[in-house]
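Inside the fold
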Amino acid sequence: MDILITHGGLARTRSMHVRPVQLWLILSALVATVLLLSGTVYHFVFLKAVRDGWPVVSQIVGPVLGKDAVQRERYQRDNIEAMAQKVGELQAKLLKLEAVGERVSGLAGLKPEELRALDDAGKTMPPGLLTQPGAGKGAGGGPFVPASAHSGAQLDQLVEWLDAQADRSGDVFVLVESRLLERRLEMLMVPSIAPVDVPVGSGFGFRLDPFNRRAALHTGLDFAAPTGTPIRAAAGGRVLEADRDGAYGLSLQIDHGNGLVTRYAHASQILVKPGEVVRRGQEVALVGSTGRSTGPHLHFEVLLGGVPQDPAKFLARGESLGASERTSAAATPSTEPRKSR
């Protein structure tokens with residue numbers, strides 16, 4: 001292709017030869033430039049004119065851009081409504097979880113003041129997100145679903161609040177788990193199960209001595225059972241003594257810490273050695289009639305700081321805490337003189 005360029009009547013005519021490939025490149029560059037300019041004008045002039053309300057341009061361009069703006073607004077509104085629905089469902093689940101956490105924390109023995117710091121940390125809902133007046137007063141129910149008029153910023157605030165609530169609920173359950181483990185460990189170290197699976201015969205307190213028929217203090221519980229019946233440790237601990245001990249006969253003492261000791265007397269055989277660590281429910285001896293005894297039975301004592309305590313109170317406490325290992329509850333102490341140390 002030849003292009004002739006002239007200027008004025010006396011000027012010399014110039015000729016330019018353009019190949020087809022060069023022509024297509026030039027046309028493509030012109031089209032790209034036009035598209036770029038039109039996009040720039042659209043975004044930086046027309047849209048700004050519609051937003052700012054320019055007198056003439058906004059009236060001309062507004063109807064053209066109106067449909068696009070309406071579609072975009074509808075899309076954003078649908079997304080916000082879907083997000084609000086999901087956030088509402090999440091909040092309903094968190095409210096149920098919080099209610100469960102409060103019940104479980106009560107069962108674990110947590111006091112309200114122990115949870116106050118967690119409540120202060122993240123229980124205040126961002127303002128402007130409650131749709132029901134008087135929320136929190138009187139009866140009510142159902143999930144909280146934010147209205148579609150809420151902006152994305154408000155939903156972001158609510159999501160952050162729900163995230164803080166989830167962290168708080170997690171902290172509550174961690175605290176509850178820790179407290180339950182503490183109670184479990186405490187229970188394992190406190191006499192809470194009957195050492196022999198038979199009813200209690202003679203209880204703790206004053207009674208007539210079976211040998212001299214005089215009033216005397218019985219410092220433990222008697223469990224009448226055949227010779228050779230297994231004797232279990234009422235709690236976990238370390239064996240202090242395992243030998244003959246005067247009127248107690250062949251006896252065993254287990255230290256449970258904090259000055260708490262249990263004694264198992266009149267045994268026919270001891271199955272553990274001093275210094276050995278035993279667990280709750282472990283067989284430590286066999287019933288016998290050694291020492292000051294009228295027949296085969298176990299004389300069981302609980303000593304706190306060396307002072308005899310009523311074992312029935314400890315066994316009853318273990319029953320109230322749900323000791324699954326215990327199969328026989330301690331009965332009311334009887335004044336009938338029976339086998340004793």
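Now for a quick tour of the structure. (Residues numbered from 1 in each chain as written. Predicted model: local features only at pLDDT ≥ 70, side-chain atom pairs only at ≥ 80, totals over all residues. Heavy atoms only, no water.)

Quick word on the overall build of the chain
The number of helices and strands found in the chain is 5 helices and 14 strands. By the burial criterion, 33% of the 341 residues in the chain qualify as buried. Look at the contacts in the chain between residues 6 or more apart in sequence, and 65% of them connect residues 24 or more apart. Element-wise, carbon and sulfur atoms account for 59% of the exposed surface of the chain, whose accessible area totals about 20700 Å². (Helix = DSSP H or I, 4+ residues; strand = E, 2+ residues; numbered from the N terminus. Buried < 20%, exposed > 50% of the residue type's maximum accessible area, 1.4 Å probe, protein only. Contact = heavy atoms within 4.5 Å. Areas by Shrake-Rupley, 256 points an atom, 1.4 Å probe, with all protein chains shown as cover.)

Quick look at the environment of Val 198
Tracing the backbone shows Val 198 in the loop between α4 (152–188) and β3 (205–208). Of the residues examined, Val 198 reaches a relative accessible area of 18% and is grouped as buried. On a C-alpha basis, the gap between Val 198 and Ala 225 in space is 7.0 Å, while along the polypeptide they are 27 residues apart.

Here we look at empty space enclosed by the protein
Tallied over the full model, the rule gives 3 cavities of 30 Å³ or more. Empty space within the largest cavity amounts to approximately 60 Å³. Along its surface, the largest cavity is lined by 10 residues, and Glu 98, Gly 101, Glu 102, Arg 168 and Val 172 are the ones closest to its centre. Where the lining of the largest cavity is concerned, the elements lending two or more residues are α2 (57–107) and α4. In terms of residue count, the dominant contributor to the lining of the largest cavity is α2 (5 residues). Considered class by class, the residues forming the lining of the largest cavity number 4 nonpolar, 3 polar and 3 charged. (1 Å grid on protein atoms, 1.4 Å probe; cavity = no way out; pocket = protein on both sides within 12 Å on 5 of 7 lines; lining within 4 Å. Points joined across faces, edges and corners; volume = space filled by probe spheres on them. Nonpolar A, V, L, I, M, F, W, Y, C, P; charged D, E, K, R; others polar.)

Looking at the side chain of Gln 253
In this fold, Gln 253 is placed in strand β8 (residues 250–255). With sequence-adjacent residues up to four places away left out, Gln 253 is seen in contact with Arg 238, Val 239, Leu 240, Glu 241, Asp 245, Val 261, Thr 262 and Arg 263.

Comments concerning the pairing of strand β13 (residues 297–304)
Taking burial as the measure, the 8 residues of β13 include 7 buried ones, the bulk of the element. The pairing of strand β5 (residues 221–224) with β13 spans 4 bridges and is classified as antiparallel. The residue of β13 that forms the bridge with Asp 222 is His 299. Here strand β9 (residues 260–265) pairs with β13 via 6 bridges, running antiparallel. Bridge assignment links Leu 260 to a residue of β13, and that residue is Leu 304. With 3 bridges connecting them, β13 and strand β14 (residues 307–309) associate as antiparallel partners. (Pairing = 2+ DSSP bridges.)

Quick word on the nonpolar core
Counting residues in each nonpolar core, the largest one holds 30 residues, and the members touching the most others are Val 196, Phe 223, Ile 231, Leu 252, Tyr 264 and Val 284. Taken together, the elements giving at least two residues each to this core come down to β5, β8, β9, β10 (267–270), β12 (283–287), β13 and α5 (311–320). In contact with Val 284, other than residues within four places in its own chain, are Ile 231, Arg 232, Ala 233, Leu 252, Ile 254, Ile 270, Leu 271, Val 272 and Val 278. If you look at the next biggest cluster of nonpolar residues, it comprises 5 residues, including Val 87, Leu 94, Leu 158 and Leu 162. (Core = buried A, V, L, I, M, F, W, Y, C linked by side-chain atoms within 4.5 Å.)

Here's the deal with the sheet that holds β12
What holds strands together in a sheet is hydrogen bonding between their backbones, with the strands either parallel or antiparallel. Strand order in the open sheet made by the 3 strands is β6-β12-β10, with antiparallel pairing throughout. Every interior strand has two partners, whereas the edge strands, β6 (230–232) and β10, have only one. If you compare each strand with its neighbour and ignore which way they point, the axes differ by 35° on average. (Axes fitted to C-alpha atoms, helices over the stretch in contact; angles between N-to-C directions.)

Section: a nonpolar patch on the surface
A cluster of nonpolar residues, Trp 24, Ile 26, Leu 27 and Leu 30, forms a patch on the protein surface that exposes about 440 Å² of accessible area. Along the chain, Ile 26 turns up in helix α1 (residues 20–52). (Patch = residues over 30% accessible without salt bridge, like charges linked within 9 Å, V, L, I, M, F, W, Y side chains within 5 Å. Salt bridge = Lys/Arg side-chain N within 4 Å of Asp/Glu carboxyl O.)

A look at the pattern of salt bridges
In this structure the tally under the stated criterion is 3 salt bridges. In this structure, the salt-bridge partner of Asp 209 is Arg 292, at a minimum N-O distance of 3.0 Å. Here the residue Asp 209 occupies a position in the loop between β3 and β4 (215–218), and Arg 292 occupies one in the loop between β12 and β13, the gap between them amounting to 83 residues. By relative accessible area, which is 8% here, Asp 209 ends up buried. A salt bridge links Arg 263 to Glu 301, with the shortest nitrogen-to-oxygen separation between them at 2.7 Å. Of the two residues, Arg 263 is situated in strand β9 and Glu 301 in strand β13; the sequence distance between them amounts to 38 residues. You'll find Arg 263 and Glu 301 in the same group, each marked buried.

What about the side chain of Arg 280?
On the secondary structure map, Arg 280 appears in the loop between β11 (277–278) and β12. A distance of 2.9 Å separates the side chain of Arg 280 from the side chain of Ser 192, its partner in a polar contact. (Polar contact = N/O pair within 3.5 Å; in protein donor to acceptor, adjacent residues only side chain to side chain.)

Considerations on the packing of aromatic side chains
Evaluation of the coordinates by the stated rule reveals 1 aromatic pair. With a centroid separation of 5.3 Å and 45° between ring planes, the pair formed by Tyr 264 and Phe 300 is classed as tilted. With Tyr 264 in strand β9 and Phe 300 in strand β13, the pair connects residues that are 36 residues apart, well separated along the chain. (Phe/Tyr/Trp six-rings, centres within 6.5 Å; stacked < 30°, edge-to-face > 60°.)

Remember that the coordinates give geometry; whether it matters functionally is a separate question.
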